[in-house]
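Read off the chains here:
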Amino acid sequence: MLPDFASVIPESKEDALAYLSSLKSAKIFAGGTDLLVKMRRGESYSHIVDITGIHDLKVISDHDEMINIGALSTHYEISVNQIISEKALSLAQACGWVGSPAIRNMGTIGGNLVNASPAADSLAPLLIHDADVVLESKDGTRRMRLEDFILAPYKTDIQPHEILTFITIKGLPGYREGYKRVTKRAAWAISRLSIAWAIQEKGGFYKDVKLAIGSCTPMPFRPRKVEDSLKDRAKDEKTIQVAVGEIIDEIIKVSGMRPSFVYKIPVVKALLEDILKG
Amino acid sequence: MKKIDFTLNGKQTILDVEDNETLLHALREKLDIKSVKEGCSIGECGACTVLIDNEPHYSCLTLASKVSGHDVKTVEFLGDENLLHPLQEAFITYGAVQCGYCTPGMLLAAYSLLLKNEHPTDTDIKEAISGNLCRCTGYIQIVEAIRNAAGLCKCNS
Amino acid sequence: MVGSNRKRIDVIDKVLGKPVFAGDMKADRLLFAVVYRSPRPHAWIKSIDVSGALAQPGIVKVITGEDIPGKKRFGVIKKDQPCLAEGRVRYVGEPILLIVGETENAARKAMSSVKIHFEDIEAIRDPFTAEKSGTLIHEDGNLLGHRKVIKGNVERGFAESDVIVEHTYSTTWLDHGFMETEAGVGYLDDAGRIVVVSSTQNIHYKMKEISRVLGISEDMVRVIQSTTGGGFGGKLDVTVELFLALAVYYTKRPVMMRFTREESFVSNTKRHPLYIEYKTGAKKDGSIQAVKVTIIGDTGPYISYGETVCLRVAVHSTGPYEVPNVHADSRMFYTNNPVCGAMRGFGVPQLAFAHESQMDAVARILNMDPLDIRLKNGLRKGSSTATSQILHDSVGFIDTLKKIEPFWRERKKSSHTSGFGIGCMFYGCGNTAISNPAKCHLRLTEDGKIALHSGVCEIGQGSDTILWQILLETLKIDEKNVVLVRGDTDTSSDVGSTSASRQTYISGKAVYEAARKLNRYLDEKGYYRGRSLGDICEEAMTENNVIFDGYFDPPTTQLDKETSEGAPYATYAFATHMTEVEVDDKTGVCLVKRVHAAHDVGRAVNPRLVKGQVYGGVAMGIGLALMEEFIPGKSESLDNYYMPTSMDMPEIEVFIVEDEEPTGPFGAKGVGEPALIPQAASIINGIQDAVGVKPSQLPCHIERLKKLIEDKKSERRQEP
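Residues numbered from 1 in each chain as written. Chains lettered and ligands numbered in written order. Predicted model: local features only at pLDDT ≥ 70, side-chain atom pairs only at ≥ 80, totals over all residues. Heavy atoms only, no water.

Undergrad: Can you explain the overall build of chain A? Please cite residues and give values.
TA: For chain A, the count of helices and strands is twelve helices and 13 strands. For a compact globule of 278 residues, the expected C-alpha radius of gyration is about 19 Å, and chain A comes in at 19 Å, within 12% of that figure. Counting only C-alpha atoms and orienting by the principal axes, one finds that chain A spans roughly 60 × 45 × 35 Å. Within chain A, the fraction of its 278 residues that count as buried is 58%. A total of about 11100 Å² of accessible surface is found on chain A, and carbon and sulfur atoms cover 52% of it. Of the charged side chains in chain A, 36 are positive and 35 negative; the average position of the first set lies 6 Å away from that of the second. (Helix = DSSP H or I, 4+ residues; strand = E, 2+ residues; numbered from the N terminus. Rg over C-alpha atoms; globule rule 2.2 N^0.38 Å. Buried < 20%, exposed > 50% of the residue type's maximum accessible area, 1.4 Å probe, protein only. Areas by Shrake-Rupley, 256 points an atom, 1.4 Å probe, with all protein chains shown as cover. Lys, Arg positive; Asp, Glu negative; His and termini not counted. Charge placed at Lys NZ, Arg CZ, Asp CG, Glu CD.)

So, in C-alpha cells, the structure goes:
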C-alpha cells in the first residue's frame, strides 16, 4: 500500500523546476525502483514530481573526452551505450549488473546517485572517471564533484528544489578498465563489495592507475595517494604488495575495523592484487 | 486522479487512475487483468512483470500514470486457447510450468528476449529471466522451453 | 499412460494466465481482513484498545480472541496454538486481532490505531537457553519432544571400530518462499454454511479446524482449494482459513485475505534450525559400525509439525546405510523464535548434510573413495534400518549409486578449486508410524462419464496429472470420458495432506483401487466388449450403483517408545546426487556447475514431472547450501532473503531408477522431498573436495566459506 500523494508530470525541465520551487514536501520521481519501496515502508511526501517525461535528461553524448550522461538514462541504456562501452567500460559493466533486467529498464543513474546507497554499483566506476554532478534549480545551476555530493550513506547535498540533471565523466579510452563485484547470489543481488579500475601501463610501468573500492567505506573509496605513488612505478610483485597493503590500511583508517572486514579485507586484497597484475 | 491513454495488448485504453496507483493495481483491479500477479510488491520477485514498449518492467514499482502514451503488454497478448504462442506451446511441451504463479511474467520476459535475439544462448536466456523468481521448477525446463521456442517463433510478426 | 510424459492437465490455463488464485477472486460487497500481529517476542498483553481502529472509516469489525465462539486453539498435531492471542504472546508475528474493513487500504490503515499495552517477558532465543531457563514458554516446560532410536549397542560398536569421526553441524531457519503468498476468500453459501476458498495443501484438516473454532458442525463448513502457487509445507498449517471463517461468521459478508510478503515472512512457519552432534565409527574396510547422533532443535513457541520433525530426523539419522549400532537422540525445544513447521523434507535435508559430511569424513580418514564407502554400506534388499525395519522391496539405493558411478569414476577437476561431491538420502514416504490413509471415489455420472472425486491438493507439483494418468491406465479408457472433481470437502473424501511425498504413493493407490473396482464393473457390464459407457451409466443409475471408492493406508507399525523399533514407513525413496562445484577461493563464491541426480521413484508415472521435481529440488538445495538464511527481525522480504535465480542454476541430468514398490500404484513411490534432500549435502562435500575445508554450518555463504578458506591458510602457516 502506497501512502497518498499527488503527482505532477512535467514535460520540460523548466516546468519541473517551477513545480519544485512551488511545492512543499515534493519528491522527485525517476525510475521509482528505490523510492516506491521506501514509500511502501513508510516514507511519505505530499507531492511527487515525475520527471521521466523530460527527454533532454535521457541523452548520453560526448565531446572530446568529456561524456555527458543525462540523469534519466536507465541502467540498461548505459550498459549498452557505445560511448560508455568505449570510454568508460567499468560503468557499462556495473550498470549491467544492477538489479535484474526489469530493474535496469526502470532505474536511472540519477536516481541511483540521489539514493546514495553505499552499495550502488554505479558509484565506483563514476569515481574513477572523476564524475561531476550537475544540480539545477530555478535559481541556477551548480556543479560539484560526486565525492562531495554524497555526504554519507543515503545522504547527499541535493537541496529540496534541485534536480540532478546530468553527470559528466572523463572518458578513459585506451585504459585497461573493468568492474568486479562480489554477491551472495549469481544475479539480482546487492554487491557485498565491488572494485572499479582503469589502468594505463607502458613497458612494464604503471603510467596512470585509478581505483575505487565500493562497500568498504561509507562511500566508495578512491585511494588517491596510492594511485599517485604508483605513477611510473615498475609493475612488479613488490610494488603491488606494497600498494595493496597501503590501500587496505587507508580503508581501515577511514572506516575503523568493522566486523564485516573479517570477510572483506582479504577479498579486497586478493582482488586488488589480481587487478594490478592485470 | 489522472487520465491515461495507452496501448494495452494492442488496444487503445483510456483509464482514470489515482496518482499513487501502481500499474499492477490498475491492471488487476480496474482492467481485471488478473494474470499479472503480486508476489512481493517491492520489485524482488518478478511475478508482476509486464512489458512496457516490449521491455520487462515490474508493475508493482511502476506508477500507472507513467504508462500514458506507451505500449503495455501482458500475457494475454501472446495467445489464446485457439492459438497459443510458440513460447506457450513450448512451456507446455517442456514442462516449464508447475504452480503457474510466475508463469505469465516468465513468458513475458522470454518474449521480450526473443524480440531482440532470435537465437539466444542458454546464458542469454538465463540472464533474461534472472529477474523472475520461480520456486518450483529450478528454471531448467523453462530455459529448455525458451531455447526450443526460439527457433520456431517470429516474435516480430 | 503410466510412464508417459503426458502434459499437465492444468497447463493450458496456466500458460494463458487464466487460473484463479485466491487473491484473484471477486465477489460483491467483498470485505478485506488483516491481522494485527505481535511486535514482541514474549510478553503479557495487559490491555487491548480497539476503539481507535473501530472508529476508522471503512472498518466493519475488529475480532479478538474473546470473540471466538468455539475452541480457541488449533494445531495440526496438537491443539496448542491460539487462533488470536489472549493474555500473552510468544513470538513476533503472533496474531492478536483481526481487522475487517470495506477495502484492503481501510483495514491496513486502521492497524496503526490499535493500542495494545504489553509487558515484556524474557524472550528465549535458542534451545540451549530454553533447556536451562526458568522462564517457561508453556506451563509444562520448554521441552516439546524427545525421541530416541536405539539399535544394537552403540558403545560396543565404537569399541569395535578402527576409526571414529566426530563433528557438529548446525543449520538455520528457512522460508518456503512460495511465489504466491497466503490468500483466501470466505463467504456464506445459500444454505448459510461457511465456505472458505484458499491456497492450501490440506482442505479436510482446515475444514475440521474451522468447525472446531466456530463451534459448528463439520457439515456447516466447506473448504475449497483455489489454484495454489506453491506450498513446500508452508500451506499445511492454518494460514488465512480460521481468520476468514471468523470474519464471515461475524460479518455474514464475503471476505478476502491476502498476506503481503512481509506478513508471509513474519507469520509462516520456518524450517527447523537443528544442532547436530554426530559420531561415526567404522572398520578399516569402511564398514560403518556405530552411529551416535544428538539432535537439538528450535521449534519456536508452538508445536505445528515440531513433533513430526523431532521423530523423523531421528529415524533418518543414519542416512541410507545399514548400521548395526545406532543411538539417535532428538530433542525439540520451545523458544520465542518463529514457529517452525513443515518444510520440504521435515528436517531430513538438515540431517543429510550431517550424515553425508560424516560419510566423506570417514572415507577421507580411511583413504577410501566416497562412492565406494557408500556402495559398501548402502541399504539394499534385506537390510535393516536404524529402527530395525527389514527392507524387502523397492530398495533402489545401490542402483542410484550405480547410475552415478560412471560419471564419478571419470570426473576430472577443471581447475585447482573445483571439486565433486556426493550426497545420498533415503526418505520414508507418508507420515511416520501412524495411519495416514487416502480415500477417493469414482462416480458414474448422469451424462455418461466417469468422475474422479479427489481431495488431493495440487500445489504445482502435478498430483492431479499423476492421479489422472493412474486412473486412465487402470480403466483403459479414453480421457474424454473422464472428468476430475477436485479440491472440495463437499465433493471429496479425506485424502490427508499434500506432504511427506505421499500423494502419488498413497492417494495414487486409492485412485488405483477405486479404478480397479470400476474396471471390474465395466468389464462385467460389457464395456470392454463394445458396450457404450452411457448405457452402462444408465444401468448403474437404476441399480443405484454409481460410486466406486478406493482406499489405501500404507502398512506401518507403531514404534517402540524407548527404542523406536518398528516399521515407520511402508516404503522409502532413495537418491544419489553428484555435484560439481567451482569455488573462487579469493571471494568465497561457490558456483554449482553440474549435477547428476539419480532417484529411485519406484515407477515414474510421468518422467517429465519427476524431473521437474528434481530440478526444483536442486534449486532449493542450492539455496539451503549456499544462500538462504532467515534471520528473525531482519529478513523482512525477498530483498534480504535470497533464493536462487536462473543464473544460480547448474546443468542437471536426472536418472530415474524404477525399483517397483509392490504396495504403490504401478510400483510408484514419492519424489517431492527426496528431490531436495541430498542436494545441499552434495554441494558441501564438493566444497571440501574443491578447497579442502569442512563446512559445519548452513548456509555456507560467501563469508563463511571465505573464512574457512582463510582459517585453513593460517593453520598451514602456523605449521612448522
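Undergrad: For a negative patch on the surface, give the residues involved together with the corresponding values.
TA: Residue and element names in this part refer to chain A. Taken together, the side chains of E11, E14, D15 and D56 define an acidic patch exposed on the protein surface. Looking at the secondary structure, you find D56 in the loop between β3 (47-50) and β4 (60-63). What makes D56 exposed here is its relative accessible area of 53%. (Patch = residues over 30% accessible without salt bridge, like charges linked within 9 Å, V, L, I, M, F, W, Y side chains within 5 Å. Salt bridge = Lys/Arg side-chain N within 4 Å of Asp/Glu carboxyl O.)

Undergrad: Hey, could you go over the domain arrangement of chain A for me, with residue numbers and the actual values?
TA: The assigned domain composition of chain A is domain 1 (6-50), domain 2 (59-170) and domain 3 (192-277). On a C-alpha basis, the centres of domain 1 of chain A and domain 3 of chain A stand 39 Å from each other. (Domains from an automatic or database assignment.)

Undergrad: Provide a residue-level description of the sheet that holds strand β16 (residues 288-300) of chain C, including the pertinent values.
TA: All names here are of chain C. A sheet is described by the order of its strands in space; here five strands give the open sequence β9-β17-β16-β15-β10, paired in mixed fashion. The open sheet has two edge strands with one neighbour each: β9 (143-151) and β10 (163-170). Across the sheet, the axes of successive neighbouring strands diverge by a mean angle of 5 degrees, strand direction being ignored. As paired strands, β9 and strand β17 (residues 325-334) are joined by eight bridges and run antiparallel to one another. Looking at the pairing, R147 lines up with S330 of β17. (Pairing = 2+ DSSP bridges. Axes fitted to C-alpha atoms, helices over the stretch in contact; angles between N-to-C directions.)

Undergrad: Can you explain the interface of chain C and chain B? Please cite residues and give values.
TA: At the interface, 54 residues of chain C touch 44 residues of chain B. Of the roughly 3800 Å² buried at the junction of chain C and chain B (both faces included), carbon and sulfur atoms supply 60%. Run the count over chain C and chain B and you get five salt bridges. The salt bridge partner of K18 of chain C is E81 of chain B, with a shortest N-O separation of 3.9 Å. Here chain C and chain B share 20 residue pairs in polar contact (both at pLDDT 80 or more) between them. Looking at the side of chain C that touches chain B, the elements that each hand over two or more residues are α1 (11-15), α8 (261-267) and α16 (607-627) of chain C. Of all the elements, α16 of chain C adds the most residues to the side of chain C that touches chain B, at eight residues. Here the residues of the side of chain C that touches chain B sort into 22 nonpolar, 17 polar and 15 charged. (Contact = heavy atoms within 4.5 Å. Buried area = accessible area lost by both parts, 1.4 Å probe. Polar contact = N/O pair within 3.5 Å; in protein donor to acceptor, adjacent residues only side chain to side chain. Nonpolar A, V, L, I, M, F, W, Y, C, P; charged D, E, K, R; others polar.)

Undergrad: Break down the environment of N325 of chain C for me, citing the residues and quoting the values.
TA: Residue and element names in this part refer to chain C. Counting through the fold element by element, N325 comes out in strand β17. A sequence separation of 165 residues divides N325 from E160, and the C-alpha atoms of the two residues are 11 Å apart. Beyond its immediate chain neighbours, meaning those up to four positions away, N325 contacts K151, G152, N153, V154, G157, Q289, A290 and V291. Engagement of the side chain of N325 in a polar contact is seen with the backbone oxygen of Q289, the distance being 2.9 Å.

Undergrad: Could you give an account of the interface of chain B and chain A, naming the residues involved and the relevant values?
TA: At the junction of the two partners, chain B supplies 27 residues and chain A supplies 29 residues. A buried area of about 2100 Å², summed over both sides, lies between chain B and chain A, and 60% of it is on carbon and sulfur atoms. The largest per-residue losses of area from chain B upon contact with chain A belong to N20, L61 and K66 of chain B, which jointly make up 28% of the total buried on that side. Linking chain B with chain A are one salt bridge. One salt bridge connects K66 of chain B with D50 of chain A, and the closest N-O pair in it is separated by 3.5 Å. Summed over the shared surface of chain B and chain A, the result is eleven residue pairs in polar contact (both at pLDDT 80 or more). Mapped onto the side of chain B that touches chain A, the elements with two or more residues apiece are β4 (55-58) and α4 (122-128) of chain B. Take the side of chain B that touches chain A: its biggest share by element is four residues, from β4 of chain B. Broken down by class, the residue content of the side of chain B that touches chain A amounts to nine nonpolar, eleven polar and seven charged.

Undergrad: Got a sec to walk through the domain arrangement of chain B? Specific residues and values, please.
TA: Note on interface size: it is often stated as the accessible area lost on association of the parts. Residue and element names in this part refer to chain B. Segmentation of chain B into domains returns domain 1 (2-77) and domain 2 (86-150). Contacts between domain 1 and domain 2 engage 19 residues on the former and 13 residues on the latter. The contact between domain 1 and domain 2 buries some 1300 Å² in all, and 61% of this surface belongs to carbon and sulfur atoms. Our count for the domain 1 to domain 2 interface comes out at one salt bridge. A salt bridge links E55 to K116, with the nearest nitrogen and oxygen atoms 3.1 Å apart. Remark: the boundary between domain 1 and domain 2 carries seven residue pairs in polar contact (both at pLDDT 80 or more). Among the secondary structure elements, those contributing two or more residues to the side of domain 1 that touches domain 2 are β3 (49-52) and β4.

Undergrad: Please give an account of the pattern of salt bridges that cites residues and values.
TA: Residues and elements named next belong to chain A. Considering all chains together, one arrives at 89 salt bridges over all chains under this definition. Between R176 and E201 there is a salt bridge, with the nearest N and O atoms lying 2.5 Å from each other. Here the residue R176 occupies a position in strand β11 (residues 176-182), and E201 occupies one in strand β12 (residues 193-202), the gap between them amounting to 25 residues. R176 gets classed as partly exposed once you look at its relative accessible area, which sits at 27%. Of the residues examined, E201 reaches a relative accessible area of 30% and is grouped as partly exposed. D232 is the salt-bridge partner of K207, the closest N and O atoms lying 2.8 Å from each other. One end of the pair, K207, is in strand β13 (residues 205-214); the other, D232, is in the loop between α10 (224-230) and α11 (237-255), with 25 residues separating them in the sequence. Residue classification places D232 among the partly exposed positions, given a relative accessible area of 44%. Three or more residues joined by partner-sharing salt bridges are found here, namely D130, R145, E147, D148, K170, D208, K210, R222, R224 and E227.

Undergrad: Can you explain the pairing of strand β7 (residues 140-145) of chain A? Please cite residues and give values.
TA: Two elements, strand β6 (residues 132-137) of chain A and β7 of chain A, share six bridges in a ladder whose sense is antiparallel. Within β7 of chain A, the position partnered with V134 of chain A by the bridge is R143 of chain A.

Undergrad: I'd like a rundown of the packing of helix α3 (residues 103-116) of chain B against helix α5 (residues 140-150) of chain B, residues and numbers included.
TA: A packed helix pair is summarised by two numbers, namely the angle formed by the two axes and the spacing between the axes. Residues and elements named next belong to chain B. It is the contact of α3 with α5, at a shortest axis distance of 11 Å, that shows an interaxial angle of 35 degrees. Here α3 runs over α5; the crossing is right-handed. Counted together, M106, A110, L113 and L114 of α3 and I142, I146, A149 and A150 of α5 form the full contact between these two elements. Per-class residue counts for the contact of α3 with α5 are eight nonpolar, no polar and no charged. (Left-handed = near helix turned anticlockwise from the far one by under 90°.)

Undergrad: Break down empty space enclosed by the protein for me, citing the residues and quoting the values.
TA: Residues and elements named next belong to chain C. A complete count under the given rule lists seven cavities of 30 Å³ or more for this structure. Around the largest cavity, the lining comprises 39 residues; the ones closest to its centre are Q461, S501, Q613, V671 and G672. No other element matches the three residues that α16 contributes to the lining of the largest cavity. Among the residues making up the lining of the largest cavity, the classes are represented as 15 nonpolar, 19 polar and five charged. Each pocket or cavity is described by its volume, and for the second largest cavity that value is around 230 Å³. Taken together, 19 residues form the lining of the second largest cavity, with Q81, Y91, V238, T239 and S267 sitting closest to its centre. Listing elements by their share of the lining of the second largest cavity, those giving two or more residues are β5 (81-82) and α7 (241-251). Partitioned by chemical class, the residues of the lining of the second largest cavity number ten nonpolar, six polar and three charged. (1 Å grid on protein atoms, 1.4 Å probe; cavity = no way out; pocket = protein on both sides within 12 Å on 5 of 7 lines; lining within 4 Å. Points joined across faces, edges and corners; volume = space filled by probe spheres on them.)

Undergrad: I'd like to hear about helix α10 (residues 348-366) of chain C, residue by residue, with values.
TA: Residues and elements named next belong to chain C. Look at α10: 26 Å from first C-alpha to last across 19 residues, which is about the 27 Å you get at 1.5 Å a residue. Among the 19 residues in α10, 17 count as buried, and that is most of the element. N367 occupies a position one or two residues after α10 and carries a positive phi of about 60 degrees. (Expected span 1.5 Å × (residues − 1).)

Undergrad: Kindly report on the environment of P104 of chain B, identifying the contributing residues and their values.
TA: Structurally, P104 of chain B is set in helix α3. Leaving out residues up to four positions away in the same chain, P104 of chain B has contacts with S35 and V75 of chain B together with G17 of chain C.

Undergrad: Give me the lowdown on the packing of α10 of chain C against helix α17 (residues 679-691) of chain C, citing residues and values where you can.
TA: All names here are of chain C. Closest axis-to-axis distance for the α10/α17 pair is 8 Å, and the angle between their directions is 35 degrees. In the packing of α10 onto α17, the handedness of the crossing is right-handed. Taken together, the residues of α17 that come into contact with α10 (itself represented by A352, F353, E356, S357, D360 and R364) are A681, I684, N685 and Q688. In terms of residue class, the contact of α10 with α17 is made up of four nonpolar, three polar and three charged.

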